[in-house]
Amino acid sequence: EGSTSTMGRLRGDASRNVVHGLYTIALKRRTVGNLSPAAKALLDAAATDTSDVRVQRMGLIGIPAAGYLDGAKVEVALLNRDDEARRLAFALRPTLGTERQGVVIHRALSDPSAGVRFDAVHALRAEFHQTDCLSMIAATHDASPLVALTAIDQLGDIFQPCQDRRDDRADSLHAIDRKSV
């Protein structure tokens, strides 16, 4: 509670400078040692309890640099209102269990941010490529041309495991034809 109120009292440049300093120290923790519990609490407060998105983002990258990231922090950050904060949190999903990562990836495929959806398409290919052709095919219909074309490209890499599924193959060929017009 004290760290939350401390971050709340800091405004503008002061809060950004404090969080940037903690992040810098966290990067050098092998040399200078781990952050104190109070410093970690300040990073947590910055990542979750501030209205300054730049401070939130710095807190989100400072926490893993400090070496104490856990799935609960990632789960909270995935709900952030800032697109880039959600992208940062999505990149930290390996701290979650495999089953939970799958849920997070599939949820990210419908995120309002095209950037998050783009990252989700890549994650889907990298982590679930042989088991989830339908989600990749659905991503070819994304409103963002970047996401849709990335999904089409990724389908080229996973087409072999999908080829036994006629409907999947027909859907993917239809999506490719639709995007090439």
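Residues numbered from 1 in each chain as written. Predicted model: local features only at pLDDT ≥ 70, side-chain atom pairs only at ≥ 80, totals over all residues. Heavy atoms only, no water.

### Examining the nonpolar core
Ranked by size, the top nonpolar core spans 38 residues in total, and within it Leu-35, Leu-43, Phe-90 and Val-121 carry the most contacts. Contact partners of Leu-35, with chain neighbours within four places excluded, come to Leu-22, Ile-25, Ala-26, Lys-40, Leu-43 and Ala-66. (Core = buried A, V, L, I, M, F, W, Y, C linked by side-chain atoms within 4.5 Å. Buried < 20%, exposed > 50% of the residue type's maximum accessible area, 1.4 Å probe, protein only. Contact = heavy atoms within 4.5 Å.)

### Quick notes on helix α8 (residues 98-108)
Within α8 the residues assigned to the buried category are Gln-101, Gly-102, Val-104, Ile-105 and Ala-108. Buried residues of α8, seen end-on, are gathered within an arc of 165° and therefore sit on one face of the element. (Helix = DSSP H or I, 4+ residues; strand = E, 2+ residues; numbered from the N terminus. Arc of directions from axis to C-beta.)

### Points about the packing of aromatic side chains
Applying the stated criterion across every chain yields a total of 0 aromatic pairs. Taking NZ or CZ as reference, Arg-93 lies 4.4 Å from the ring centre of Phe-90, over its face. (Phe/Tyr/Trp six-rings, centres within 6.5 Å; stacked < 30°, edge-to-face > 60°. Lys NZ or Arg CZ within 6 Å of the ring centre and 35° of its normal.)

### Some words on the pattern of salt bridges
Taken as a whole and judged by the stated rule, the model has 9 salt bridges. Here Glu-75 and Arg-100 are joined by a salt bridge, their closest N and O atoms 2.6 Å apart. Highlighted residues: Glu-75 in helix α6 (residues 71-77) and Arg-100 in helix α8, separated in sequence by 25 residues. Of the residues examined, Arg-100 reaches a relative accessible area of 28% and is grouped as partly exposed. (Salt bridge = Lys/Arg side-chain N within 4 Å of Asp/Glu carboxyl O.)

### A word on the packing of helix α4 (residues 37-48) against helix α5 (residues 53-66)
Packed helices, taken two at a time, are described by their axes: the angle between them and the distance between them. Running from N to C, α4 and α5 point in directions that differ by 140°, and their axes come no closer than 7 Å. It follows that α4 is oblique to α5 by the angle criterion. Of the two possible hands of crossing, α4 and α5 adopt the one that is left-handed. Residues Leu-43, Asp-44, Ala-46 and Ala-47 of α4 pack against Val-55, Gln-56, Gly-59, Leu-60, Gly-62, Ile-63 and Ala-66 of α5. Each residue belonging to the contact of α4 with α5 can be placed in one class, and the counts come to 7 nonpolar, 3 polar and 1 charged. (Axes fitted to C-alpha atoms, helices over the stretch in contact; angles between N-to-C directions. Parallel < 35°, antiparallel > 145°, perpendicular 65-115°, else oblique. Left-handed = near helix turned anticlockwise from the far one by under 90°. Nonpolar A, V, L, I, M, F, W, Y, C, P; charged D, E, K, R; others polar.)

### Focus: the side chain of Asp-52
Looking at where Asp-52 falls in the secondary structure, it is placed in the loop between α4 and α5. Given a relative accessible area of 15%, Asp-52 falls into the buried group. Side-chain polar atoms of Asp-52 contact the side chain of Arg-16, separated by 2.5 Å. Among the polar contacts listed, one links the side chain of Asp-52 to the backbone nitrogen of Arg-54, at a separation of 2.9 Å. (Polar contact = N/O pair within 3.5 Å; in protein donor to acceptor, adjacent residues only side chain to side chain.)

### Quick word on α5
Across its 14 residues, α5 extends 20 Å between first and last C-alpha, which sits within 8% of the 20 Å expected from 1.5 Å per residue. Backbone nitrogen of Arg-54 and a side-chain oxygen of the N-cap are separated by 2.9 Å at the start of α5; the cap is Asp-52. Just past α5, the residue Gly-67 takes up positive phi, approximately 80°. (Expected span 1.5 Å × (residues − 1).)

### Observations regarding the confidence of the model for the chain
Averaged over all residues, the pLDDT of the chain equals 82, while 76% of them reach at least 70. Between the elements of the chain, mean pLDDT differs from a low of 57, seen in helix α1 (residues 2-9), to a high of 92, seen in helix α7 (residues 83-91). (pLDDT = per-residue confidence, 0-100.)

### Quick notes on the side chain of Thr-140
Assignment of secondary structure puts Thr-140 in the loop between α10 (133-139) and α11 (145-162). Residue classification places Thr-140 among the buried positions, given a relative accessible area of 0%. Only 2.4 Å separates the side chain of Thr-140 from the backbone oxygen of Ile-137, close enough to count as a polar contact.

### Observations concerning the environment of Asp-111
Relative to the helices and strands, Asp-111 is located in the loop between α8 and α9 (114-128). The buried category is assigned to Asp-111, whose relative accessible area is 12%. Note: C-alpha distance between Asp-111 and Arg-86 (25 residues apart in sequence) is 9.1 Å. Setting aside residues up to four positions removed in sequence, Asp-111 forms contacts with Arg-86, Val-116 and Arg-117.

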